[in-house]
Structure formats: C-alpha cells, structure tokens
Amino acid sequence: MSTTTLAVLVPLLPFLGAVAGLLFGRTAPGFVRPLAILPTLGAAVLAVIVAVRQGGGPAISTATELTPTGSVPIDLSLYLDGFAVLVAVLVGLVATCVQLYSTAYLREDPRYPSYAALVSLFTSAMLLVVYSGDLMVLLVGWEVMGICSYFLVGHYWETEAARSASLKAFLVTKLGDVPFLIGLFALAADADSFQITKILSTVAAGGLDHPTLIALLLLAGVAGKSAQFPLHTWLPDAMAGPTPVSALIHAATMVAAGVYFIARLLPVFAASRAALVVMAVMAAVTMVGSALAALAQDDIKRVLAYSTIGQLGYMTGALAVGDRGAAVFHLLSHGVFKALLFLGAGVIIHAAGTNSLAAMSRMDGLAKRIPDAFWTMTIALLALAAIPPFAGFFSKEAVLVAAEQTATGHSDFAPSGAGWLVLVAGVLTALLTAAYATRLWLMAFRGQGAAAPDHGKEPVAMTGVLWLLAIPSVGFGLAAGPIADWFDGGELTPTLVTSVLGTGAAVIGVMLTYALWQRAAARTATAPAGAVPGAVTGAVTGAVPGTGAGAPQPAAVAAAASAATAAAESAAETPEVAEVTHDHPAVPAGPAPDPGRALLGPLHRHAADGFHLDAVYDRLFVRPVRAAASLVRFLDREVVDTYVRGAGAGPRLLGSLVRRAQTGNVQSYLSALLAGAVVLAIATAVLANVNAGS
C-alpha cells in the first residue's frame with residue numbers, strides 16, 4: 001500500500017469510528033469501547049508508518065480536483081513533510097491515550113457513547129488539518145474541531161458552568177475565525193490557488209499584493225484557536241468539560257492547530273516584518289500574563305490551562321523569530337507532557353474528590369494513595385518547568401536559542417527587537433513556570449491535615465496511560481539532534497548562554513516558591529482555627545508580611561475563609577467529581593499554605609481573575625452589543641411594527657365602514673341609489689353653470 005493511501009486512512013479511520021459510534025452507540029453498547037479505541041489506535045499506528053516512510057525527506061504532495069469552481073480551484077490534496085508526519089504521530093498517540101483513559105474515567109457516564117464518538121471526530125478533524133495540502137479542506141477540519149469542542153466542553157450540560165464555557169469557547173474562537181476566513185480568501189486570490197505548495201511558490205516569487213493585511217487576518221484566527229492574547233479567555237473556562245477532553249484539546253488538537261498552521265505557512269507571515277513584530281508582542285504578553293495568572297489559580301485544571309496558554313506563547317514566539325523547527329519541537333514535547341499533566345490531574349481529582357488545590361493542601365498522604373499519579377506528575381511538572389534532562393528543557397531551550405540568535409543579529413529573519421522581546425519574556429516565563437509548577441506539586445502532594453480518602457488502586461487503563469506518556473516526557477529531548485533533519489535542518493540543541501539563563505531562572509523559581517511555601521506552612525500550622533495568617537493572605541488581611549504586626553481584619557478574614565470554603569465546596573460538587581469518585585469525607589475548612597499569594601502580593605487578586613479581561617470585554621463589547629440589540633428590538637417593535645400595524649389597520653377601518661352599509665334592506669339600497677342620483681344631478685348642474693359663466 002502506498003504512503004499516500006496510508007495517509008488518507010489516518011484521518012478516515014477515526015471518522016468512520018465516530019460515525020459508527022454515533023449510529024450504534026445506544027443500540028449496541030458492547031461495541032462502544034472497541035469503536036472508540038481501535039480506529040484511533042489504528043490511525044496512530046498508520047501515522048507512525050507514514051512518518052517512517054517519509055523519513056524527514058522531501059515532502060510528499062498529491063492532489064486531485066474536488067470540484068470545478070469557475071475561479072480558484074479546491075483540491076483534495078495531501079502535503080506530507082517532516083512537520084506534518086510528526087505532528088500526526090503526536091495526535092494519534094494522545095488521542096489513543098485519551099480514549100483508553102476515558103474507558104475507566106467515564107465508565108459510569110450515560111453519555112459515554114456520544115462522548116467517545118465526538119473524541120474520534122475531534123481526532124479525525126485535527127489529522128485532516130495536519131495532512132491537508134489545501135487550505136479550504138484544512139478549513140473544514142478547523143471548523144469541525146470548533147463544533148466538537150463546543151459539545152465536549154459542554155458535556156455536563158446540566159451545569160451552568162459547562163453551558164457557559166462551551167458557548168464562550170465557540171463564540172470567542174468564531175470571533176477569530178471571521179477574519180481568518182477573509183484572510184484565506186485574500187491569500188487565495190493573490191496566489192490564485194488554495195494549495196499550500198502553490199501559495200508558498202507565489203510568496204517566494206514576491207507575488208503577494210497585501211502581505212501585512214493577509215498575515216494579520218490569519219493571525220487573528222490563530223489567536224482564537226490557539227488561545228493567544230487577546231482571545232485566550234475561553235481556554236481556562238473550558239475546564240468545565242471532562243478532564244480527558246482537556247488533555248486532548250490542550251495537548252494535541254485544537255490549540256495546537258493554530259501554531260501548526262503558522263509553521264506550515266510561515267513564509268506568508270515572514271513576508272511582513274510588521275506581522276512578525278505583532279506576533280512577537282502577542283507571544284510575550286501571552287507568556288508572562290498567563291504565567292502570572294497560573295500562580296493565582298486554585299483549580300488544578302485552571303493552573304494547567306493557563307500553563308498551556310503560556311507554552312503556546314513560547315511556540316508563537318519561536319515562529320515570530322523565524323524558527324518553525326523550534327516551535328514544532330516544543331509543540332511535540334509540550335503535547336506529551338501536557339497530556340500527562342491533565343490525565344494525572346484526573347487521577348488526583350478522582351482520589352481527592354476535589355479540583356481545589358487549597359483543599360488538597362489540607363489532605364495528608366495523597367501522594368501515597370496514588371503513587372502512579374504522583375511519580376508521573378512529578379516527571380511532567382519537571383518537564384514543564386524545563387529542568388534538565390527532561391523533554392521540556394530541550395524544546396524550551398530551542399525557542400530561547402532562536403530568540404537569542406535574532407536578538408544578537410545572527411538571524412535577520414525578524415527585527416532584533418522582536419528577538420529581544422521573545423528572549424526576555426521567555427526567560428521571565430521560565431522563572432514563573434517553575435514557580436507555579438512547584439506550587440502545584442507542593443499543594444497537591446505535600447498537604448497536611450486529615451488523611452486523604454482511600455479508594456483503592458486506580459484502574460490500569462488510567463495509570464498505564466500515565467506511564468506510557470511519562471517515557472517521552474523524560475526522553476524526547478534526546479531527539480533534539482536527529483529530529484532537526486525532519487524540519488528545516490536548523491540546530492535545536494541548547495547553547496551555554498540560554499541554558500544558564502533558562503535553567504537558572506527555573507531553579508530560582510523552584511527555590512523561591514519552596515521557601516515561601518515552607519514559611520506559609522509554618523504560619524498556617526500556628527494560626528488559630530478559622531484564621532487566615534497575614535503572611536499567607538497578604539492583601540486580604542492588610543497585615544505586613546514578615547513583621548508579625550497588624551492583626552488581620554475580622555471582616556476580611558471571614559470573607560477570605562468563606563470564599564476559600566465556597567471554592568472548595570464548589571469544586572467538590574462538580575459533576576465530574578461526583579461521577580468518578582466514591583464517597584469521600586468533606587475536607588475541613590481552614591487556611592491553606594499558598595506560596596502564590598506571597599509571590600504575587602497585591603497582584604494576586606487581579607491574576608486570579610485573569611487580570612479582569614472578561615470584565616473589560618464585557619464593557620467594551622458585550623454591553624454595547626446588548627445595548628444595540630435592545631435598540632434594534634425597540635425600533636422593530638415600536639417603529640417598524642407600528643407601520644405594519646397601521647398598514648393593516650387602514651383596510652380594516654375601511655372594511656368596517658363598508659360592512660355597516662351592507663344591511664340587506666332593499667329599501668335602504670334604493671334610497672341610497674336615489675340620493676346618489678340627486679347628488680350627481682345637482683353636481684352636474686352646478687358644473688354646467690360654472691362652465692357657461694366662464
């Protein structure tokens with residue numbers, strides 16, 4: 001069987017599995033799990049075979065015309081280069097792990113058949129994006145992923161949080177998709193083709209008439225799909241869906257699609273240096289802002305969500321300085337350890353009965369209850385913090401090296417200012433990333449208080465997947481040398497300067513967070529029950545950290561304790577927790593040693609709320625749109641409808657008058673006829689006299 005035939009089967013198998021699952025999921029429940037796992041597993045195996053056959057050599061391209069359009073043709077085409085085949089392997093691996101994991105995680109869910117089918121369709125759509133050589137066919141997969149995310153994020157549609165999150169994800173991504181679609185049409189109009197190979201040839205020949213406009217329009221769609229500032233606000237709220245869905249979205253499908261799209265069409269963006277600067281600014285703001293927000297989150301999944309936003313910022317930064325090899329290398333590395341982090345978080349939620357890190361920090365022995373999740377999460381967090389020799393270190397260093405090359409003038413792909421911006425933001429984000437990774441680990445696994453509930457050993461389908469993903473999380477970085485040949489041939493190995501900067505920043509973040517956690521834990525242990533120590537809550541209590549002076553204000557303490565308790569109770573009552581956990585004792589309320597508060601100080605309150613971007617958007621866009629809608633409704637009801645009602649009222653009034661004359665009395669009709677004749681005779685006589693006198 002040819003390589004192109006195998007490549008066609010890669011997205012086709014999960015699609016067929018999704019169709020079969022939707023058709024027979026309820027009538028033949030025994031086939032649901034095989035239909036979920038086997039097609040996805042088959043696609044993953046075929047993706048590996050395609051990657052081996054392609055071998056990082058010349059791109060394999062084939063196309064057939066889909067339908068005559070009369071202008072720009074649309075083709076069913078494949079474009080298999082080193083980037084495409086390796087990303088497809090990642091998608092297949094993560095999707096298979098998610099399907100296996102879900103068989104245990106959602107084993108009691110009555111909507112599991114539709115869930116599994118949608119995950120398969122999601123996987124198929126991403127694989128279509130990865131392999132497609134035509135932008136219109138790519139757009140089909142792009143939009144199908146948006147629909148699938150809407151249904152999967154809203155899986156627990158009984159809750160307001162899930163309904164709102166799914167709608168928000170759909171609307172925000174569609175907000176980016178509108179200019180994205182316009183940009184695709186403008187690009188095709190300039191290149192006279194939707195085929196990627198022809199577009200790249202046109203760019204190389206300088207044939208784009210509006211490169212900056214096209215690049216910025218496309219970048220808007222990427223910002224929405226890959227959750228980059230300012231269209232990133234949907235991703236943290238999307239945690240209302242099941243945890244395996246979060247793993248799939250964050251690691252290998254939807255948010256990775258935007259970065260992959262830029263990597264594939266990087267020459268289009270490189271045609272405009274202004275677009276590269278905008279991309280660099282977007283990446284820098286996204287990296288630093290999301291890392292600060294992650295430090296302030298209590299929900300373990302929201303911490304990981306903001307982490308994903310920041311890591312995607314690294315990838316976008318690498319693309320802004322022209323190194324798509326570094327960007328995709330980090331995409332592959334991040335996809336593995338982020339899937340591990342989310343699936344491990346699912347095991348933690350299963351065991352602890354809550355999403356709240358504050359509640360976990362008041363549990364003792366959670367790490368011993370779930371040793372598999374403890375060790376694999378530790379590996380994944382070390383990779384996230386970019387500690388050598390884990391995978392995240394090598395891929396993050398590749399990004400920093402690319403930024404350093406541009407900043408120092410060794411690469412003229414982008415302005416040096418863009419390089420400095422990405423480099424400084426990347427080093428600062430490395431420190432913050434290590435800090436929030438350490439905070440998550442300490443609060444989840446080093447809690448003190450009541451014994452963590454013991455639900456027995458987790459299912460093998462869940463723990464086995466964790467260990468499978470842990471292997472590349474440790475060793476994938478060793479592929480930095482040979483994998484460069486699959487990309488553009490550029491070096492992906494770390495340099496001494498960036499290694500010292502990046503690793504030094506990470507070590508500082510780890511040590512600082514650990515020291516602040518120890519201090520917070522000591523003060524929490526000596527604090528009276530129900531009180532919140534000033535050093536821990538800082539801005540909430542009004543006490544000066546480290547001085548011991550200034551008693552906490554009673555109202556502020558009560559509000560803080562009440563908010564913490566409410567957050568923990570809310571997390572413990574989510575449908576996901578209720579579905580996958582056994583009976584578990586209530587977590588006692590009390591202060592939690594949170595080093596994030598001390599690190600952020602007065603910034604903590606703003607970071608916890610995502611720097612109030614949702615409130616800003618509400619005032620700038622939502623309220624004006626609602627006001628405009630109210631005005632339109634008023635005009636429609638009170639003005640337009642008034643004319644419509646008037647147009648109907650006139651004939652009705654005339655009809656009522658005529659109806660009164662129709663009495664059915666013949667004498668009345670004759671009298672009216674005679675009166676009319678007399679009137680006509682008089683009128684005729686008057687007119688005749690007037691004419692005679694003139």
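Residues numbered from 1 in each chain as written. Predicted model: local features only at pLDDT ≥ 70, side-chain atom pairs only at ≥ 80, totals over all residues. Heavy atoms only, no water.

A.B. asks: Describe the overall build of the chain, listing the residues and the values that go with them.
C.D. replies: A tally of regular secondary structure across the chain gives 30 helices and 4 strands. Evaluated residue by residue, the chain yields a buried proportion of 53% over its 694 residues. Sequence separation of 24 or more characterises 81% of the internal contacts of the chain that already satisfy a separation of 6 or more. Per element, the accessible surface of the chain, about 28100 Å² overall, is 69% carbon and sulfur. In the chain, 36 side chains carry a positive charge and 39 a negative one; their mean positions are 8 Å apart. (Helix = DSSP H or I, 4+ residues; strand = E, 2+ residues; numbered from the N terminus. Buried < 20%, exposed > 50% of the residue type's maximum accessible area, 1.4 Å probe, protein only. Contact = heavy atoms within 4.5 Å. Areas by Shrake-Rupley, 256 points an atom, 1.4 Å probe, with all protein chains shown as cover. Lys, Arg positive; Asp, Glu negative; His and termini not counted. Charge placed at Lys NZ, Arg CZ, Asp CG, Glu CD.)

A.B. asks: So what's going on with the pattern of salt bridges? Which residues, and what values?
C.D. replies: Enumeration over the complete set of coordinates arrives at 13 salt bridges. A salt bridge links Asp 488 to Arg 324; the nearest nitrogen and oxygen atoms lie 2.9 Å apart. Residue Asp 488 is found in the loop between α22 (480-483) and α23 (496-526), and its partner Arg 324 is found in helix α15 (residues 324-352); the two are separated by 164 residues along the sequence. Residue Arg 324 is classed as buried on the basis of its relative accessible area of 18%. Beyond isolated ion pairs, a larger network of salt bridges with shared partners links Lys 168, Asp 237, Arg 302 and Asp 614. (Salt bridge = Lys/Arg side-chain N within 4 Å of Asp/Glu carboxyl O.)

A.B. asks: Explain helix α30 (residues 666-693) to me, and be specific about the residues and the numbers.
C.D. replies: A rise of 1.5 Å per residue sets the reference length of α30, with its 28 residues, at 40 Å; its end C-alpha atoms lie 41 Å apart and thus fit the reference within 8%. Little of α30 is tucked away, with 0 of its 28 residues classed as buried. (Expected span 1.5 Å × (residues − 1).)

A.B. asks: Any details on the side chain of Asp 109? Residues and values, ideally.
C.D. replies: Among the secondary structure elements, Asp 109 is positioned in the loop between α3 (82-105) and α4 (112-131). Although Asp 109 lies buried, it forms no salt bridge, and the closest oppositely charged side chain, Arg 111, sits 4.9 Å away as judged by the N-O distance. Of the polar contacts made by the side chain of Asp 109, one reaches the backbone nitrogen of Arg 111; its length is 2.7 Å. Within the structure, Asp 109 has its side chain in polar contact with the side chain of His 155 (distance 2.7 Å). (Polar contact = N/O pair within 3.5 Å; in protein donor to acceptor, adjacent residues only side chain to side chain.)

A.B. asks: Kindly report on the packing of helix α8 (residues 211-225) against helix α13 (residues 273-294), identifying the contributing residues and their values.
C.D. replies: Orientation of α8 relative to α13, taken along the N-to-C sense of each, is 20 degrees, at an axis distance of 9 Å. It follows that α8 is roughly parallel to α13 by the angle criterion. Where α8 crosses over α13, the two elements pack in a sense that is right-handed. Mapping the contact onto sequence places Thr 212, Ala 215, Leu 216, Leu 219 and Ala 223 in α8 and Ala 274, Ala 275, Val 278, Met 279 and Met 282 in α13. Of the residues that constitute the contact of α8 with α13, the class distribution is 9 nonpolar, 1 polar and no charged. (Axes fitted to C-alpha atoms, helices over the stretch in contact; angles between N-to-C directions. Parallel < 35°, antiparallel > 145°, perpendicular 65-115°, else oblique. Left-handed = near helix turned anticlockwise from the far one by under 90°. Nonpolar A, V, L, I, M, F, W, Y, C, P; charged D, E, K, R; others polar.)

A.B. asks: Describe unusual backbone geometry, with residues and values.
C.D. replies: For the bond running from Phe 229 to Pro 230, omega is 10 degrees, close enough to zero to count as cis. Along the chain, Pro 388 connects to Pro 389 via a cis peptide bond; the corresponding omega equals 5 degrees. Relative to the helices and strands, Pro 389 resides in the loop between α18 (371-384) and α19 (391-407). A positive phi angle is found at Ala 227, which is not glycine, with a value near 55 degrees. Positionally, Ala 227 belongs in the loop between α8 and α9 (234-237).

A.B. asks: Kindly report on the packing of aromatic side chains, identifying the contributing residues and their values.
C.D. replies: Counting across every chain of the model gives 16 aromatic pairs. Relative to Phe 445, the ring of Phe 374 has its centre 5.1 Å away and its plane inclined at 80 degrees; by these criteria the two rings are edge-to-face. Here Phe 374, found in helix α18, pairs with Phe 445, found in helix α20 (residues 416-445); they are 71 residues apart in sequence, far enough to count as distant. The class of Phe 374 is buried, set by a relative accessible area of 9%. Grouping aromatic residues by their ring pairs yields a cluster made of Phe 374, Trp 375, Trp 441 and Phe 445. When the ring centre of Tyr 112 is taken as reference, the NZ or CZ atom of Arg 33 above it lies at 4.8 Å. (Phe/Tyr/Trp six-rings, centres within 6.5 Å; stacked < 30°, edge-to-face > 60°. Lys NZ or Arg CZ within 6 Å of the ring centre and 35° of its normal.)

A.B. asks: Any chance you could break down the pairing of strand β2 (residues 74-80) for me, citing the residues and the numbers?
C.D. replies: Where a strand is regular, its side chains alternate between the two sheet faces. Across the 7 residues of β2, 6 count as buried, placing the element largely inside the fold. Sheet analysis places strand β1 (residues 60-67) next to β2, joined by 7 bridges and oriented antiparallel. Bridge assignment links Glu 65 to a residue of β2, and that residue is Asp 75. Between the end of β1 and the start of β2, which pair antiparallel, lie 6 residues, with Gly 70 showing a positive phi angle near 90 degrees. (Pairing = 2+ DSSP bridges.)

A.B. asks: Pulling in residues and values, what's your account of the nonpolar core?
C.D. replies: Tyr 131, Leu 135, Trp 234, Phe 261, Val 268, Phe 269 and Leu 332 are the most contacted members of the largest nonpolar core, which totals 199 residues. Among the elements that take part in this core, α15 stands out by supplying 19 residues, more than any other. Excluding residues that lie within four positions of it along the chain, Leu 135 makes contacts with Leu 184, Leu 187, Phe 194, Ile 196, Ile 199, Phe 261 and Leu 265. (Core = buried A, V, L, I, M, F, W, Y, C linked by side-chain atoms within 4.5 Å.)

A.B. asks: Any chance you could break down the confidence of the model for the chain for me, citing the residues and the numbers?
C.D. replies: Put simply, the chain has an average pLDDT of 87, and 90% of its residues get 70 or more. Contacts from residues 529-573, a stretch scored under 50 in pLDDT, to residues over four places away or in other chains number 53 contacts. Across residues 580-585, confidence stays below pLDDT 50; counting only partners more than four residues off in sequence or on other chains, it has 12 contacts. (pLDDT = per-residue confidence, 0-100.)

A.B. asks: Hey, could you go over the environment of Val 422 for me, with residue numbers and the actual values?
C.D. replies: Looking at where Val 422 falls in the secondary structure, it is placed in helix α20. Residues Val 422 and Ser 499, spaced 77 residues apart in sequence, show a C-alpha to C-alpha distance of 16 Å. Apart from residues lying up to four places away in sequence, Val 422 is in contact with Ala 280, Met 287, Gly 317, Val 321 and Ala 403.

A.B. asks: How would you summarise the packing of α15 against helix α21 (residues 460-475) if you had to cite specific residues and measurements?
C.D. replies: At a closest axis distance of 9 Å, the pairing of α15 and α21 adopts a crossing angle of 150 degrees. In terms of orientation, α15 and α21 fall into the roughly antiparallel class. Handedness of the crossing formed by α15 with α21: left-handed. Across the interface between the two elements, Val 336, Phe 337, Ala 339, Leu 340, Leu 343, Gly 344, Val 347 and His 350 from α15 touch Met 462, Val 465, Leu 466, Leu 469, Ala 470, Pro 472 and Ser 473 from α21. The class makeup of the residues in the contact of α15 with α21 is 12 nonpolar, 3 polar and no charged.

A.B. asks: Before we move on, could you go through the state of the cysteines and cite the residues and values that matter?
C.D. replies: Evaluation of the coordinates by the stated rule reveals 0 disulfides. Free cysteine: Cys 97, not disulfide-bonded; nearest cysteine sulfur from Cys 148 at 19 Å. (Disulfide = S-S within 2.5 Å.)

A.B. asks: Any details on the environment of Phe 194? Residues and values, ideally.
C.D. replies: The topology assignment puts Phe 194 in the loop between α6 (160-191) and α7 (196-204). Note on Phe 194: relative accessible area 5%, which makes it buried. Other than its neighbours up to four places away in sequence, Phe 194 contacts Val 72, Pro 73, Ile 74, Gly 133, Asp 134, Leu 135, Met 136, Leu 184, Phe 185, Ala 188 and Ile 199.

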